[in-house]
Amino acid sequence: MYNLTAKDLQYKWEALSYGKAQTILRFTRESAADVKAQIQREIQAKNASSVSKSTATGFVRGKLANSTKFVGVTAKGLTGPLKAAAQPPKALFGGMAYVPVKPEQDFDGTIASSSRVTFVGQKEARQNRASQDRYMYETLGERSETLDTQLDGFGELILKHYRDIGQLGHPGVFSEESCVVVGRIVLDAEASGSGIKLNDQSLILEASRAHGDGLRVPLQLAQDLKIRGGYKGLGGVGLFPGAVVALKGRNGGGGYFIASEILAIPPMPASPAPPSNVAASFNMCIACGPFTPDANLDYKPWRTLVSNLKASKPAVVLILGPFVDATHTHIQDGMVDETPSDIFKRQFIAPLCDFLSQSPTSTVLLVPSVNDIISDHAVFPQCELDDEFRGDARIRLLPNPARFSLNGISFAVCSVDVLYHLRKEEYFRRGEEVDSIVCEPGAANDPMSNLGRYVLQQRSFYPIFPVSLDVAHEVNLDVSHSAELRIAENPDDPGPDVMVLPSRLKHFSKVVDNSVVINPSYLTKGTYATLSYSGQGTELPKDRISANIARLS
């Protein structure tokens, strides 16, 4: 049609349908006539226009309203050469006759919608991930290279932050002089026995191949241990399997490394203060599953929340799974009369679409859980839900974990209960504080806040490795894709303004370092979180964000 490629035809139809109905409709046989008429009008306008060639190009390939890239082609309803041109490659989409149009979210620009907020999301190529993900088929080389890269990155961060330490040492080499080493804490299971947490007698330091030949060296912490560069008032440092640490000490030839100092991992810097703009203000609701008690699949807590949403009409609704929990007794026992997909569409998509019809400028964000039976990717990190569950253009499907921004305020979100896992594995070692950082007024330093601080300092949504066997089924950690667990692209990048970490631990909302950390707990416990951001002001984002824990009424 007028020498258009299948992609160009797709973009033409999406622009036309979105302009008429504020949503992207399915391309049918009748749609071809509408697109043809639109193209003819564009050609006539172009011929009649006297503008230059540079300004006459009004359609940008790959973008819709300067915001959205699209992958996939809607070919249903076409016939002849047009259908053949629009049909996606069978090798990529499994020979499906119809592939729904899906926005490809990235950091290149905002995503067009009628929303009150500007949403910028992570780039997620689900089709490409499918060919790369081989959970439990990863080689030892792939795993070790991923873990080594993490250690080397932290080594550069330590050298950059502590400028007086010279170069990093080798923990396994005998030395009379002290040196600084960077490594990963490992539990000596043979010495401590199964089911034993970290303690002074079960510590092992694992070095990278670049700075320690990949050796594991027994670690001893001195009785007069000093904690350098940590927050004042904490009184010590938390250790757990997988924690990356910087230690000052020496290997005296006894087969172990004696650490006299622990150099605290530097905190993530604060993001710059956004400009004052009253129009950038927004409010938000955050809820996490399970959404129905284990005794039934009535989803009563969820229905109550939807009623609250219709009354308050927040600009953004962030919902974290599990939506249809694979561990629910009714699901496990087969006490259901419909498929999990139908349950999700009936219990979630239909009510959300009803909410959006009453609050048309709102946006809904969905983050899955590894326990979601409707997800075809039950490992962590996890792809977003399949596009068949979208239901509305204002419902955005995000991966787990997810990083995104709303009106310039950055969010980091994860549905895995990392706080509880850290609490289980944490070994808090006290020491004398040296060159401490003074906490800013209002910053929390209680044990619950420290769990969120570990996540921020380790720059990872899940810093524990290996995962404890008794909670491994809650994570299904895919080590070879650990790069997708990074909270920031680089270790010295600013931290998120808001970090959402739902947990079975007691709900809270606290300012930790430079971030607002929220644990809304589970909706079945009757709690969720509300957040409001004031665009007016010159303070840092954490000072312009108000987050509270609300109870279902």
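Residues numbered from 1 in each chain as written. Predicted model: local features only at pLDDT ≥ 70, side-chain atom pairs only at ≥ 80, totals over all residues. Heavy atoms only, no water.

1. Examining the sheet that holds strand 3 (residues 119-121)
This is how it is decided: For two strands to count as paired, DSSP must find a minimum of two bridges between them. For helices the rule is a DSSP run of H or I covering at least 4 residues; for strands it is a run of E covering at least 2, with both sets numbered from the N terminus onward. All axes are obtained by fitting lines to C-alpha atoms, using only the stretch in contact for helices, and the reported angles, taken between N-to-C directions, cover 0 to 180 degrees. Whether two residues touch is decided by their heavy atoms; if any such pair falls within 4.5 Å, the residues are in contact.
Read across the sheet, six strands follow the order 3-14-15-18-20-19 without closing on themselves; strand pairing throughout is mixed. At either margin of the open sheet sits one strand with a lone partner, and together these are strand 3 and strand 19 (508-512). Pairs of neighbouring strands in the sheet enclose a mean axial angle of 20°, with direction left out of account. With five bridges connecting them, strand 19 and strand 20 (residues 515-519) associate as antiparallel partners. Its bridge partner being in strand 20, V512 is matched across the sheet by S515. Packing against the sheet, helix 14 (residues 447-458) makes contact with strand 18 (498-500), strand 19 and strand 20, and its axis sits at approximately 55° to strand 19.

2. Concerning the sheet that holds strand 12 (residues 363-367)
An order of 13-12-11-10-21-22 is seen for the six strands of this open sheet, with the pairing classed as mixed. Lying at the two open borders of the sheet, with one neighbouring strand each, are strand 13 (395-397) and strand 22 (545-551). Strand-to-strand twist across the sheet, computed as the mean angle between neighbouring axes with direction ignored, equals 20°. One ladder, built from three bridges, connects strand 12 with strand 13; its direction is parallel. Paired with L365 across the strands is R396, a residue of strand 13. Of the strands in this sheet, strand 10 (282-288), strand 11 (316-320) and strand 21 (527-533) touch helix 10 (residues 300-312), which is tilted by about 175° from strand 10.

3. A closer look at the environment of L318
Condition: Exposed residues in this analysis have more than 50% of their type's maximum accessible area, buried residues have under 20%, and partly exposed residues fall in between, with area computed by a 1.4 Å probe over protein chains only.
Note that L318 resides in strand 11. The buried category is assigned to L318, whose relative accessible area is 0%. C-alpha of L318 to C-alpha of A287: the two residues are 31 residues apart in sequence and 6.5 Å apart in space.

4. Comments concerning the packing of helix 10 against helix 12 (residues 340-358)
Inclusion rule: Note on terminology: angles under 35 degrees are roughly parallel, angles over 145 are roughly antiparallel, angles of 65 to 115 are roughly perpendicular, and the others are oblique. Note that Gly is not counted as nonpolar here; it falls among the polar residues with everything else outside the nonpolar set of Ala, Val, Leu, Ile, Met, Phe, Trp, Tyr, Cys and Pro and the charged set of Asp, Glu, Lys and Arg.
Between helix 10 and helix 12, the shortest axis-to-axis distance is 10 Å and the interhelical angle comes to 10°. Considering their axes alone, helix 10 and helix 12 lie roughly parallel with respect to each other. Of the residues in helix 12, those touching helix 10 at W302, V306, L309 and K310 are Q347, F348, P351, L352, D354, F355 and Q358. Taken together, the residues of the contact of helix 10 with helix 12 break down into seven nonpolar, two polar and two charged.

5. So, the packing of aromatic side chains
Quick note on the threshold: Only Phe, Tyr and Trp rings take part, Trp by its six-membered ring, and two of them pair if their centres are within 6.5 Å. Stacked means planes under 30 degrees apart, edge-to-face means over 60, and tilted covers everything else. Lysine NZ or arginine CZ positioned within 6 Å of the ring centre and within 35 degrees of the ring normal marks a charge as sitting over the ring.
Tallied over the entire structure, the rule returns 14 aromatic pairs. Here the aromatic rings of F291 and F323 are separated by 5.9 Å at their centres, their planes lie at 5°, and the arrangement is stacked. Separated by 32 residues along the polypeptide, F291 in the loop between strand 10 and helix 10 and F323 in the loop between strand 11 and helix 11 (329-332) bring together distant segments of the chain. Accessibility expressed as a relative area gives 2% for F323, which makes it buried. Taken together, a centroid distance of 4.9 Å and an interplanar angle of 35° make the contact between W302 and F348 tilted. Of this pair, W302 sits in helix 10 while F348 sits in helix 12, and the two are 46 residues apart along the sequence. As far as the burial class goes, W302 and F348 line up, both buried. Chaining the aromatic ring pairs together yields one cluster made of F291, Y299, W302, F323, F344, F348 and F389. In this structure, R453 packs its charged tip against the face of Y231, placed 5.0 Å from the ring centre. For the cation-ring pair, R504 lies above Y420, with the distance from its terminal atom to the ring centre recorded as 4.0 Å.

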